[in-house]
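Coordinates in review
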Amino acid sequence: MLEITPVNNDFVAEIAGIDLCAPLTPATADGLRGALEKYAVLVIPGQPLDEARQLELAQIFGPLETSVGASIYNAKRPRRLDHAQLSDISNLDESGQLLEAGDIRRLINLSNQLWHTDSSFKKTPASASLLSAQEVTPVGGATEFADMRSAWDALDPALQSRIGELIAVHDYFYSRSLTGFDLAGIPSEWREIQPPVQQVLVRTHSHSNRRSLYLASHIRSIVGMSDDDSKDLLDHLMRLATQPQHVYRHRWRTGDLVIWDNRSTMHRGTTFDEKYRRSMRRATVQDIGPTVPH
Ligand SMILES: [Fe+2]
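Conventions we followed
- Residues numbered from 1 in each chain as written.
- Predicted model: local features only at pLDDT ≥ 70, side-chain atom pairs only at ≥ 80, totals over all residues.
- Heavy atoms only, no water.
- Donors = N, O, S within 2.8 Å, 3.2 Å for Na, K, Ca; no water.
- Buried < 20%, exposed > 50% of the residue type's maximum accessible area, 1.4 Å probe, protein only.
- Patch = residues over 30% accessible without salt bridge, like charges linked within 9 Å, V, L, I, M, F, W, Y side chains within 5 Å.
- Areas by Shrake-Rupley, 256 points an atom, 1.4 Å probe, with all protein chains shown as cover.
- Salt bridge = Lys/Arg side-chain N within 4 Å of Asp/Glu carboxyl O.
- Lys, Arg positive; Asp, Glu negative; His and termini not counted.
- Charge placed at Lys NZ, Arg CZ, Asp CG, Glu CD.
- Helix = DSSP H or I, 4+ residues; strand = E, 2+ residues; numbered from the N terminus.
- Pairing = 2+ DSSP bridges.
- Right-handed = clockwise from strand over helix to strand, strands pointing away.
- Polar contact = N/O pair within 3.5 Å; in protein donor to acceptor, adjacent residues only side chain to side chain.
- Contact = heavy atoms within 4.5 Å.
- Phe/Tyr/Trp six-rings, centres within 6.5 Å; stacked < 30°, edge-to-face > 60°.
- Lys NZ or Arg CZ within 6 Å of the ring centre and 35° of its normal.
- Expected span 1.5 Å × (residues − 1).
- Arc of directions from axis to C-beta.
- Axes fitted to C-alpha atoms, helices over the stretch in contact; angles between N-to-C directions.

Once that is clear, we can look at the coordination of the iron ion. The protein atoms donating to the iron ion are His116 (NE2), Asp118 (OD) and His267 (NE2), with metal-donor distances spanning 2.1 to 2.2 Å. The exposure class of Asp118 is buried, given its relative accessible area of 2%.

This is the structure we're talking about:
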């Protein structure tokens, strides 16, 4: 029996009373899907899932994505995780040792500390993400979530009508460039695998009809606007959407599973001392299709 306790209005709930390491019942799967429709972030402590259990659980929300790491920068070398559908959210190399200071994966990880929503740079973006914590840092390394439904609701109506139909260009490599990644040095085949894509700037949830801002640091520009005007508008929206009243901060404990809806939230990692090991893995569920017809 799922015990669902709201942590932050209708944004975050903590779930107890289930053992996700045991075979999942249809009632539990329905309960989790229902909870994620009502809330946008679910915190489920005490779930030491192995890779297979995590993948099985994620599939109750839909088909899974292949990790960008597995398909791009780690495509030709061994990975720490066995399954390409799991993203490696750690500071560890393939043999489980701390990444060296100059390792490209450290630089790539830094972009996780920018506000974003997972896989908005893919034509069909992500609906849900399931992040499971194996090793956590004693201090730092929290993840912050922003409620993009309440952020939309709080916008001035004139601004809502100005931006309601805009289309944004999301580019995986743009957000990497913001944390010091040298774009000129990117192999052309990486760009071909992950070209820029268009997404609506405002989404409407099919079950609740609530609207939400679909923002991310992956956004390079707004279609039909100059780069300067795009940047001004995006910076303004980002500032409004990440005010404290819209944000929940999660301090990780070993065994935590956090599930969130990427269509109605943004999130970002926060800094921690890289001398500590941090080991997490993420399963990512594909949405039902692109937000902009291509
Ligand atoms: Fe993320």
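This part covers a negative patch on the surface. A cluster of acidic side chains, namely Asp227, Asp228, Asp229 and Asp232, defines a negative patch on the protein surface. Looking at the element boundaries, Asp232 is found in helix 9 (residues 227-241).

This part is about the pairing of strand 3 (residues 41-44). Taking every second residue as pointing to the same face, both faces of strand 3 are buried, with Val41 and Val43 on one and Leu42 and Ile44 on the other. Where strand 2 (residues 12-16) lies against strand 3, 3 bridges are found, and the strand directions are parallel. By the bridge assignment, Ala13 is partnered in strand 3 with Leu42. Running through helix 1 (residues 26-38), the crossover from strand 2 to the neighbouring parallel element strand 3 is right-handed.

Among the structural elements, Arg79 can be located in the loop between helix 3 (68-71) and strand 4 (86-90). Buried and unpaired, Arg79 has Asp88 as its nearest opposite-charge partner, separated by 5.8 Å. Reaching out from Arg79, the side chain makes a polar contact with the backbone oxygen of His83 at a distance of 3.1 Å.

Pairing of strand 1 (residues 3-8) with strand 2, which is carried by 5 bridges, proceeds in the antiparallel orientation. Within strand 2, the residue paired with Pro6 across the bridge is Ala13.

This part covers unusual backbone geometry. Of note, Asn9 is a non-glycine position whose phi angle comes to about 50°, a positive value. Looking at the secondary structure, you find Asn9 in the loop between strand 1 and strand 2.

Along the chain, Thr124 turns up in the loop between helix 4 (104-110) and strand 5 (126-135). For Thr124, a relative accessible area of 22% corresponds to the partly exposed category. The spacing of Thr124 and Asp50 is 74 residues in sequence and 27 Å in space, taken between C-alpha atoms. Once residues lying within four places of it in the same chain are set aside, the contact partners of Thr124 are Glu65, Asp287, Gly289 and Pro290.

Mapped onto the secondary structure, Gln59 falls in the loop between helix 2 (51-58) and helix 3. For Gln59 and Met280, which are 221 residues apart along the polypeptide, the C-alpha to C-alpha distance reads 18 Å.

Here we come to the packing of aromatic side chains. Taken as a whole and judged by the stated rule, the model has 3 aromatic pairs. Considering the side-chain rings of Tyr172 and Phe173, the 5.0 Å spacing of their centres and the 85° angle between planes classify their relative orientation as edge-to-face. When sorted by exposure, Tyr172 lands in the same class as Phe173, which is buried. One aromatic cluster in this structure is built from Phe121, Tyr172 and Phe173. In this arrangement the basic side chain of Arg203 is found over the ring face of Tyr214, its NZ or CZ atom lying 4.7 Å from the centre.

Quick look at helix 9 now. Under the 1.5 Å per step criterion, the end-to-end length of helix 9 is 21 Å for 15 residues, consistent within 8% with the ideal 21 Å. Restricting attention to buried positions, one finds in helix 9 the residues Ser230, Leu233, Leu234, Leu237, Met238 and Ala241. In an axial view of helix 9, the angular spread of the buried residues amounts to 130°, which keeps them on one side of the axis. Along helix 9, the residues that are exposed and aim more than 90 degrees away from the buried face are Asp228, Asp232 and Arg239. Residues of helix 9 that are buried in the fold lie against strand 6 (143-147), helix 5 (148-153), helix 6 (157-163), strand 10 (211-213), strand 11 (219-222) and strand 14 (265-269).

With that settled, consider the sheet that holds strand 11. If you trace the 3 strands from one edge of the open sheet to the other, you get 8-7-11, paired in antiparallel fashion. Edge positions in the open sheet fall to strand 8 (197-200) and strand 11, since each of these has one partner strand only. Each strand of the sheet is rotated relative to its neighbour by a mean of 35°, with strand direction disregarded. Where strand 7 (residues 167-170) lies against strand 8, 4 bridges are found, and the strand directions are antiparallel.

A few words on the sheet that holds strand 14. In space, the 3 strands of this open sheet follow the order 12-6-14, with antiparallel pairing throughout. At either end of the open sheet lies a strand with only one pairing partner, and these are strand 12 (247-250) and strand 14. Each strand of the sheet is rotated relative to its neighbour by a mean of 20°, with strand direction disregarded. As judged from the 5 bridges shared by strand 6 and strand 14, these two strands associate in the antiparallel manner. In the sheet register, Thr143 faces strand 14, and the bridge partner there is Gly269.

Note that every value here comes from positions in space, so none of it alone points to a role or purpose.
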